[in-house]
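One-letter residues, chain by chain:
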Amino acid sequence: MSEDSQRNFRSVYYEKVGFRGVEEKKSLEILLKDDRLDIEKLCTFSQRFPLPSMYRILVWKVLLGILPPHQETHLMVMVHRKEQFYDVHHALQVMRIINDTTPQTDVFLRMHQLETGKLSRSHTYLLESEDELFLAIANMMEEMVDDEVDCYWLTKHFVHHLDTKFRDSQAAMQKGFEHYLNLEDSRLVAHLKTCNALEKLPYDLWFRNCFAGCLPASSLQRVWDKLVSGSCKILVFVAVEVMLTFKMKVTALNKSDSINEFLEKVSKSNPLCIY
(Lines give C-alpha, C1' and ligand atoms only; values in the text may rest on other atoms or scores of the structure.)
Protein backbone atom coordinates (compact mmCIF):
# COMPACT_ATOMS: atom_id res chain seq x y z
CA MET A 1 0.00 0.00 0.00
CA SER A 2 1.39 3.40 -0.98
CA GLU A 3 2.02 6.13 1.53
CA ASP A 4 -0.68 8.25 -0.11
CA SER A 5 -3.25 5.56 0.56
CA GLN A 6 -2.13 5.08 4.16
CA ARG A 7 -3.68 7.61 6.47
CA ASN A 8 -2.24 8.25 9.86
CA PHE A 9 -4.53 6.71 12.48
CA ARG A 10 -4.60 9.93 14.48
CA SER A 11 -5.78 11.93 11.48
CA VAL A 12 -8.55 9.45 10.80
CA TYR A 13 -9.65 9.47 14.42
CA TYR A 14 -9.53 13.23 14.82
CA GLU A 15 -11.60 13.58 11.66
CA LYS A 16 -14.21 11.23 13.05
CA VAL A 17 -14.49 13.09 16.35
CA GLY A 18 -14.57 16.48 14.66
CA PHE A 19 -11.16 17.99 15.37
CA ARG A 20 -10.99 19.57 11.91
CA GLY A 21 -12.69 22.74 13.07
CA VAL A 22 -15.87 21.97 11.13
CA GLU A 23 -18.55 24.55 11.89
CA GLU A 24 -21.52 22.64 13.29
CA LYS A 25 -22.96 25.44 15.37
CA LYS A 26 -26.24 25.54 13.46
CA SER A 27 -26.78 21.80 13.82
CA LEU A 28 -26.32 22.06 17.58
CA GLU A 29 -28.62 25.05 17.81
CA ILE A 30 -31.36 23.00 16.14
CA LEU A 31 -30.93 20.31 18.80
CA LEU A 32 -31.02 22.92 21.56
CA LYS A 33 -34.33 24.37 20.33
CA ASP A 34 -36.28 21.30 21.42
CA ASP A 35 -38.33 21.74 24.57
CA ARG A 36 -37.08 18.35 25.73
CA LEU A 37 -33.43 17.94 24.83
CA ASP A 38 -32.49 14.62 23.24
CA ILE A 39 -29.62 13.30 25.36
CA GLU A 40 -28.66 10.62 22.85
CA LYS A 41 -28.41 13.12 19.99
CA LEU A 42 -26.39 15.53 22.12
CA CYS A 43 -24.00 12.71 23.00
CA THR A 44 -23.68 11.77 19.34
CA PHE A 45 -22.99 15.37 18.38
CA SER A 46 -20.36 15.74 21.11
CA GLN A 47 -18.67 12.56 19.93
CA ARG A 48 -18.51 13.70 16.31
CA PHE A 49 -17.84 17.42 16.63
CA PRO A 50 -16.20 19.88 19.02
CA LEU A 51 -18.77 21.79 21.04
CA PRO A 52 -18.94 25.54 20.31
CA SER A 53 -17.63 27.37 23.36
CA MET A 54 -20.85 29.37 23.81
CA TYR A 55 -22.86 26.15 24.29
CA ARG A 56 -20.29 23.89 25.97
CA ILE A 57 -21.29 24.58 29.59
CA LEU A 58 -25.00 24.08 28.85
CA VAL A 59 -24.39 20.79 27.04
CA TRP A 60 -22.05 19.54 29.75
CA LYS A 61 -24.58 20.37 32.46
CA VAL A 62 -27.31 18.48 30.61
CA LEU A 63 -25.18 15.44 29.77
CA LEU A 64 -23.80 15.24 33.32
CA GLY A 65 -27.26 15.42 34.86
CA ILE A 66 -26.87 18.82 36.51
CA LEU A 67 -29.78 20.04 34.41
CA PRO A 68 -32.72 17.87 33.29
CA PRO A 69 -33.64 17.43 29.61
CA HIS A 70 -36.73 19.65 29.94
CA GLN A 71 -35.52 23.19 29.24
CA GLU A 72 -38.48 24.87 30.92
CA THR A 73 -37.16 23.63 34.28
CA HIS A 74 -33.56 24.79 33.80
CA LEU A 75 -33.94 28.16 35.51
CA MET A 76 -35.71 26.70 38.53
CA VAL A 77 -33.20 23.85 38.88
CA MET A 78 -30.22 26.21 38.75
CA VAL A 79 -31.84 28.41 41.41
CA HIS A 80 -31.96 25.36 43.67
CA ARG A 81 -28.41 24.38 42.73
CA LYS A 82 -27.21 27.87 43.64
CA GLU A 83 -29.09 27.85 46.96
CA GLN A 84 -27.59 24.47 47.83
CA PHE A 85 -24.11 25.72 46.91
CA TYR A 86 -24.32 28.74 49.22
CA ASP A 87 -25.96 26.77 52.03
CA VAL A 88 -23.11 24.25 52.06
CA HIS A 89 -20.55 27.03 51.65
CA HIS A 90 -22.01 28.93 54.62
CA ALA A 91 -22.08 25.78 56.75
CA LEU A 92 -18.35 25.28 56.21
CA GLN A 93 -17.70 28.90 57.20
CA VAL A 94 -19.71 28.48 60.41
CA MET A 95 -17.75 25.30 61.16
CA ARG A 96 -14.53 27.25 60.49
CA ILE A 97 -13.43 24.71 57.93
CA ILE A 98 -12.99 27.41 55.29
CA ASN A 99 -12.47 31.17 55.30
CA ASP A 100 -12.00 33.99 52.81
CA THR A 101 -8.39 32.93 52.10
CA THR A 102 -9.16 29.27 51.35
CA PRO A 103 -8.38 28.47 47.69
CA GLN A 104 -11.55 27.93 45.71
CA THR A 105 -10.67 24.37 44.68
CA ASP A 106 -10.08 23.46 48.34
CA VAL A 107 -13.46 24.98 49.15
CA PHE A 108 -15.05 22.80 46.46
CA LEU A 109 -13.39 19.69 47.88
CA ARG A 110 -14.59 20.46 51.41
CA MET A 111 -18.11 21.11 50.11
CA HIS A 112 -18.08 17.82 48.28
CA GLN A 113 -16.81 16.00 51.36
CA LEU A 114 -19.51 17.55 53.52
CA GLU A 115 -22.23 16.58 51.07
CA THR A 116 -20.95 13.01 50.81
CA GLY A 117 -20.39 12.58 54.55
CA LYS A 118 -16.61 12.34 54.24
CA LEU A 119 -15.60 15.65 55.81
CA SER A 120 -12.78 15.50 58.35
CA ARG A 121 -12.34 18.19 61.00
CA SER A 122 -8.68 17.29 61.45
CA HIS A 123 -6.15 19.93 60.38
CA THR A 124 -3.72 17.13 59.55
CA TYR A 125 -6.12 15.43 57.16
CA LEU A 126 -4.26 13.52 54.46
CA LEU A 127 -5.66 13.63 50.95
CA GLU A 128 -6.85 10.32 49.58
CA SER A 129 -6.53 9.41 45.90
CA GLU A 130 -10.15 10.37 45.24
CA ASP A 131 -9.51 13.79 46.83
CA GLU A 132 -6.46 14.34 44.64
CA LEU A 133 -8.51 13.47 41.56
CA PHE A 134 -11.24 15.89 42.61
CA LEU A 135 -8.70 18.70 43.08
CA ALA A 136 -7.01 17.97 39.74
CA ILE A 137 -10.34 18.18 37.93
CA ALA A 138 -11.42 21.24 39.93
CA ASN A 139 -8.22 23.12 39.10
CA MET A 140 -8.76 22.60 35.39
CA MET A 141 -12.49 23.26 35.55
CA GLU A 142 -11.73 26.56 37.28
CA GLU A 143 -9.84 27.64 34.15
CA MET A 144 -12.73 26.65 31.90
CA VAL A 145 -15.71 27.98 33.85
CA ASP A 146 -16.14 31.52 35.15
CA ASP A 147 -19.13 31.03 37.45
CA GLU A 148 -18.21 29.40 40.78
CA VAL A 149 -21.55 27.65 41.14
CA ASP A 150 -21.30 26.09 37.68
CA CYS A 151 -17.67 25.23 38.34
CA TYR A 152 -18.50 23.33 41.51
CA TRP A 153 -21.39 21.36 40.07
CA LEU A 154 -19.50 20.52 36.89
CA THR A 155 -16.51 19.32 38.90
CA LYS A 156 -18.66 17.25 41.25
CA HIS A 157 -20.68 15.59 38.49
CA PHE A 158 -17.72 15.13 36.14
CA VAL A 159 -15.76 13.27 38.83
CA HIS A 160 -18.82 11.12 39.56
CA HIS A 161 -19.20 10.48 35.82
CA LEU A 162 -15.57 9.33 35.57
CA ASP A 163 -15.95 7.05 38.56
CA THR A 164 -19.13 5.37 37.37
CA LYS A 165 -18.47 5.33 33.63
CA PHE A 166 -14.73 4.71 33.27
CA ARG A 167 -13.60 3.33 36.63
CA ASP A 168 -12.70 -0.08 35.17
CA SER A 169 -11.40 1.15 31.80
CA GLN A 170 -7.76 1.93 32.60
CA ALA A 171 -6.43 -1.56 31.85
CA ALA A 172 -8.14 -1.51 28.45
CA MET A 173 -6.81 1.99 27.76
CA GLN A 174 -3.27 0.86 28.57
CA LYS A 175 -3.59 -2.01 26.08
CA GLY A 176 -5.03 0.34 23.48
CA PHE A 177 -2.20 2.78 24.10
CA GLU A 178 0.42 0.07 23.47
CA HIS A 179 -1.40 -1.08 20.34
CA TYR A 180 -1.65 2.35 18.69
CA LEU A 181 1.80 3.45 19.78
CA ASN A 182 3.18 0.28 18.20
CA LEU A 183 1.43 1.18 14.94
CA GLU A 184 3.05 4.60 15.03
CA ASP A 185 6.53 3.70 16.26
CA SER A 186 7.32 0.07 17.00
CA ARG A 187 10.92 0.94 17.87
CA LEU A 188 9.74 3.23 20.65
CA VAL A 189 7.56 0.47 22.07
CA ALA A 190 10.48 -1.97 21.87
CA HIS A 191 12.67 0.51 23.76
CA LEU A 192 10.04 0.92 26.48
CA LYS A 193 9.77 -2.85 26.84
CA THR A 194 13.55 -3.28 26.99
CA CYS A 195 13.67 -0.73 29.83
CA ASN A 196 10.68 -2.37 31.55
CA ALA A 197 9.05 1.06 31.35
CA LEU A 198 5.85 0.27 29.47
CA GLU A 199 3.96 -0.75 32.60
CA LYS A 200 5.33 2.17 34.64
CA LEU A 201 4.30 5.11 32.48
CA PRO A 202 2.19 7.83 34.21
CA TYR A 203 -1.10 6.17 33.33
CA ASP A 204 -2.87 7.57 36.40
CA LEU A 205 -1.98 11.10 35.34
CA TRP A 206 -3.10 10.42 31.77
CA PHE A 207 -6.11 8.16 32.14
CA ARG A 208 -7.35 8.54 35.71
CA ASN A 209 -6.83 12.32 35.85
CA CYS A 210 -7.86 12.71 32.20
CA PHE A 211 -4.76 14.83 31.45
CA ALA A 212 -5.75 17.50 33.95
CA GLY A 213 -2.66 19.69 34.21
CA CYS A 214 -1.10 18.20 31.07
CA LEU A 215 -3.00 20.19 28.46
CA PRO A 216 -4.06 23.83 28.40
CA ALA A 217 -7.74 24.36 29.12
CA SER A 218 -8.45 25.37 25.50
CA SER A 219 -7.28 21.94 24.32
CA LEU A 220 -8.43 19.88 27.27
CA GLN A 221 -12.04 20.98 27.04
CA ARG A 222 -12.23 19.38 23.59
CA VAL A 223 -10.91 16.14 25.02
CA TRP A 224 -13.39 16.35 27.88
CA ASP A 225 -16.25 16.88 25.40
CA LYS A 226 -15.74 13.24 24.44
CA LEU A 227 -15.53 12.07 28.04
CA VAL A 228 -18.69 13.92 29.06
CA SER A 229 -20.54 12.31 26.15
CA GLY A 230 -19.46 8.83 27.19
CA SER A 231 -16.23 7.85 25.44
CA CYS A 232 -12.74 7.60 26.93
CA LYS A 233 -10.90 6.41 23.81
CA ILE A 234 -9.67 9.92 23.08
CA LEU A 235 -7.39 9.64 26.13
CA VAL A 236 -5.51 6.81 24.44
CA PHE A 237 -4.76 8.90 21.38
CA VAL A 238 -3.65 11.89 23.42
CA ALA A 239 -1.29 9.61 25.37
CA VAL A 240 0.17 8.33 22.11
CA GLU A 241 0.72 11.91 20.96
CA VAL A 242 2.52 12.73 24.21
CA MET A 243 4.90 9.82 23.68
CA LEU A 244 5.57 10.73 20.07
CA THR A 245 6.18 14.35 21.00
CA PHE A 246 8.90 13.39 23.47
CA LYS A 247 10.17 10.20 21.85
CA MET A 248 13.70 11.55 21.23
CA LYS A 249 14.16 12.27 24.91
CA VAL A 250 12.47 9.04 25.98
CA THR A 251 14.68 6.88 23.75
CA ALA A 252 17.75 8.58 25.26
CA LEU A 253 16.75 7.30 28.70
CA ASN A 254 17.46 3.70 29.67
CA LYS A 255 15.79 3.30 33.07
CA SER A 256 12.06 2.94 33.67
CA ASP A 257 12.12 5.29 36.66
CA SER A 258 13.90 7.97 34.63
CA ILE A 259 11.40 7.68 31.78
CA ASN A 260 8.40 7.85 34.12
CA GLU A 261 9.89 10.76 36.06
CA PHE A 262 10.60 12.66 32.85
CA LEU A 263 7.09 12.14 31.45
CA GLU A 264 5.45 13.19 34.71
CA LYS A 265 7.62 16.28 34.87
CA VAL A 266 7.03 17.45 31.30
CA SER A 267 3.32 16.67 31.54
CA LYS A 268 2.88 18.79 34.65
CA SER A 269 5.31 21.62 33.91
CA ASN A 270 5.02 21.94 30.13
CA PRO A 271 1.35 21.56 29.11
CA LEU A 272 1.02 20.39 25.54
CA CYS A 273 -1.09 22.24 23.03
CA ILE A 274 -1.92 19.35 20.72
CA TYR A 275 -5.15 20.52 19.14
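The structure this text deals with has already been given above.
The written sequence of each chain sets the order in which its residues are numbered from 1. Given that this is a predicted model, residues contribute local features only at a pLDDT of at least 70 and side-chain atom pairs are listed and counted only at 80 or more, while totals for whole chains, interfaces and linings are drawn from all residues. Heavy atoms from the whole structure form the basis of all side-chain values; hydrogens and water molecules are not counted.

Participant: When you look at the packing of aromatic side chains in this model, what are you seeing that I'm missing?
Facilitator: Pairs of aromatic rings are described using the distance from one ring centre to the other and the angle between the two planes. The pairing test for Phe, Tyr and Trp rings, Trp by its six-membered ring, is centres within 6.5 Å, and the orientation test on the planes gives stacked under 30 degrees, edge-to-face over 60, and tilted for anything in between. Counted under the stated rule, the structure contains 15 aromatic pairs. Residues Phe 108 and Tyr 152 carry aromatic rings whose centres are separated by 5.6 Å and whose planes lie at 50° to one another, so their mutual orientation is tilted. On the criterion of sequence distance, the pair formed by Phe 108 in helix α6 (residues 104-115) and Tyr 152 in helix α8 (residues 148-165) is long-range, its members being 44 residues apart. By relative accessible area, which is 1% here, Phe 108 ends up buried. Residue Tyr 152 is classed as buried on the basis of its relative accessible area of 0%. When the centroid spacing of 5.4 Å and the interplanar angle of 65° are considered together, the rings of Tyr 152 and Trp 153 count as edge-to-face. Accessibility assignment for this pair places Tyr 152 and Trp 153 in one class, buried. Within the aromatic cluster, the residues linked to one another by ring pairs are Phe 85, Tyr 86, Phe 108, Tyr 152 and Trp 153. Each ring is checked for a lysine NZ or an arginine CZ that lies within 6 Å of its centre and within 35 degrees of its normal; such an atom marks a charge sitting over the ring. Lying over the aromatic face of Trp 153, Arg 81 brings its terminal NZ or CZ to 4.5 Å of the ring centre. The helix count covers DSSP runs of H or I at least four residues long, the strand count covers runs of E at least two residues long, and both are numbered beginning at the N terminus. For every residue, the accessible area (1.4 Å probe, protein chains only) is compared with the maximum for its type, and the residue is labelled buried under 20%, exposed over 50%, or partly exposed between those bounds.

Participant: Would you explain the nonpolar core in this entry?
Facilitator: The nonpolar side chains of a soluble globular protein tend to be buried with one another. We define the nonpolar core as a collection of buried residues of types Ala, Val, Leu, Ile, Met, Phe, Trp, Tyr and Cys that are connected through side-chain atoms lying within 4.5 Å of one another. Phe 177, Trp 206 and Trp 224 are the most contacted members of the largest nonpolar core, which totals 91 residues. In terms of residues, this core owes the most to one element, helix α13 (residues 233-245), which gives 10 residues.

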